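These are the residues of each chain, in order.
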Amino acid sequence: MSQAASRTPTAMQVRTTSRLLPELLRGYEPGDRITVLDLGPGNASTVDFLARYKSKVYFADLTDNPAIAANEMDTSRETLAGFIQRQLAVPSGTQIDICLFWDYLHFIDLKTIDALSQVLQPLLHSNSRAYGFGALHGGRPEDVSLYGIADTDTLTSTTVTSQPKYIPHSQQKLSEHLLSLKISRGTLLREGRLELLFEST
């Protein structure tokens, strides 16, 4: 069983108000065309929410590829970039408007983040944005969840019974390795998670 497959959600879904989702979605109205890359395995709430737009959505769970999730230090960045490019399966020439990282940046090591940034660079445009979570105080959260979007200011989260290895990266480390995007804002959710908004560099 792959690591992604082991992330089995429990039955309870929690909704949380987000301050940064409105910023992520700023300028997009129902019916607008929007291209989204979601690094998660797919979430019904997100799919339902994005149905209000003329959206093209690519789901690409990086932890579903053992070669990417293994965090093996002897794998070169170029090799990792090839694995990631195939996992994303985004056609050449596509311009991504929104990336949903969730907490997946903390399930891969820094060299893999370097490779991800390299792959993302040609897919981003000057107004591309991304959303994800930071590692508060360098620690792992008590619970790891599958996340989705319920509304323009509301997240859904479902706690999983097991999860891949969590590698907390500080905002400084993310900034140093995810060079195709920059952290523009960070704020605490009511549940204590740190949410981050990224913009194109």
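Note that the coordinates shown come from a computational prediction; the quantities given were computed from them, not determined experimentally. All residue numbers here refer to positions counted from 1 along the written sequence of the relevant chain. The predicted origin of the model limits local features to residues at a pLDDT of at least 70 and limits the giving and counting of side-chain atom pairs to 80 or more, whereas totals for whole chains, interfaces and linings rest on all residues. The side-chain quantities take in all heavy atoms of the structure and omit both hydrogens and water.

## Comments concerning the overall build of the protein chain
In this text, helices come from DSSP runs of H or I with a minimum length of four residues, and strands from runs of E with a minimum of two, each type numbered from the N-terminal end. Summing up its helical and strand segments, the protein chain has six helices and nine strands in all. Out of the 201 residues in the protein chain, the part that is buried amounts to 51%. Expressed as a percentage of contacts within the protein chain between residues at least 6 apart in sequence, the contacts between residues at least 24 apart total 73%. What sets the accessible areas is the Shrake-Rupley method with a 1.4 Å probe; for residues, cover comes only from the shown protein chains. As presented, the protein chain carries roughly 9,400 Å² of accessible surface, and 48% of it is formed by carbon and sulfur atoms. Each residue is placed in one exposure class: buried if its accessible area under a 1.4 Å probe, protein chains only, is under 20% of its type's maximum, exposed if it is over 50%, and partly exposed if it falls in between. What makes two residues a contact is simply this: any of their non-hydrogen atoms within 4.5 Å.

## Some remarks on the environment of Pro 168
The residue Pro 168 is located in the loop between β7 (154-160) and α6 (171-177) in this model. For Pro 168, a relative accessible area of 32% translates into the label partly exposed.

## Focus on the nonpolar core
Residues Leu 37, Leu 88, Phe 101, Trp 102, Leu 116 and Tyr 131 are the most contacted members of the largest nonpolar core, which totals 57 residues. Considering each element in turn, this core owes the most residues, six residues, to strand β4 (residues 96-102). Contact partners of Leu 116, with chain neighbours within four places excluded, come to Leu 39, Leu 62, Ile 84, Phe 101, Leu 105 and Ile 108. Nonpolar cores were defined as sets of buried Ala, Val, Leu, Ile, Met, Phe, Trp, Tyr and Cys residues, with membership established by side-chain atoms within 4.5 Å.

## A word on the sheet that holds strand β8 (residues 181-188)
Between any two strands, at least two bridges found by DSSP are needed for them to pair. Spatially, the six strands line up as an open sheet ordered β3-β2-β4-β5-β9-β8, and their pairing is mixed. What marks the edges here is a single partner per strand, and that holds for β3 (54-59) and β8. Within this sheet the neighbouring strands show an average axis-to-axis angle of 20°, counted without direction. Bridge count for strand β5 (residues 124-134) against strand β9 (residues 194-200) is six bridges, and the pairing is antiparallel. Of the residues in β9, the one forming a bridge with Arg 129 is Glu 199. Each axis is a line fitted through C-alpha atoms, taken for helices only over the stretch in contact, and angles between the N-to-C directions span 0 to 180 degrees.

## So, the confidence of the model for the protein chain
Across the protein chain, the average pLDDT comes to 87, with 87% of residues at or above 70. The predictor attaches a confidence to each residue, and that confidence, scored 0 to 100, is pLDDT. When pLDDT is averaged over each helix and strand of the protein chain, the minimum, 72, is found for helix α3 (residues 66-69) and the maximum, 98, for strand β2 (residues 33-38). The low-confidence segment residues 1-6 (pLDDT under 50) makes ten contacts with residues lying over four places distant or belonging to another chain.

## Section: the packing of aromatic side chains
Think of it this way: a Phe, Tyr or Trp ring, Trp meaning its six-membered ring, pairs with another when their centres are within 6.5 Å, and the plane angle makes it stacked under 30 degrees, edge-to-face over 60, tilted otherwise. In total, this model carries nine aromatic pairs according to the counting rule given. Aromatic side chains Phe 101 and Phe 198 sit 5.5 Å apart centroid to centroid with 85° between the ring planes, which places their arrangement in the edge-to-face category. Taken together, the positions of Phe 101 in strand β4 and Phe 198 in strand β9 put the pair 97 residues apart, joining distant regions of the chain. Here Phe 101 matches Phe 198 in class, with each residue buried.

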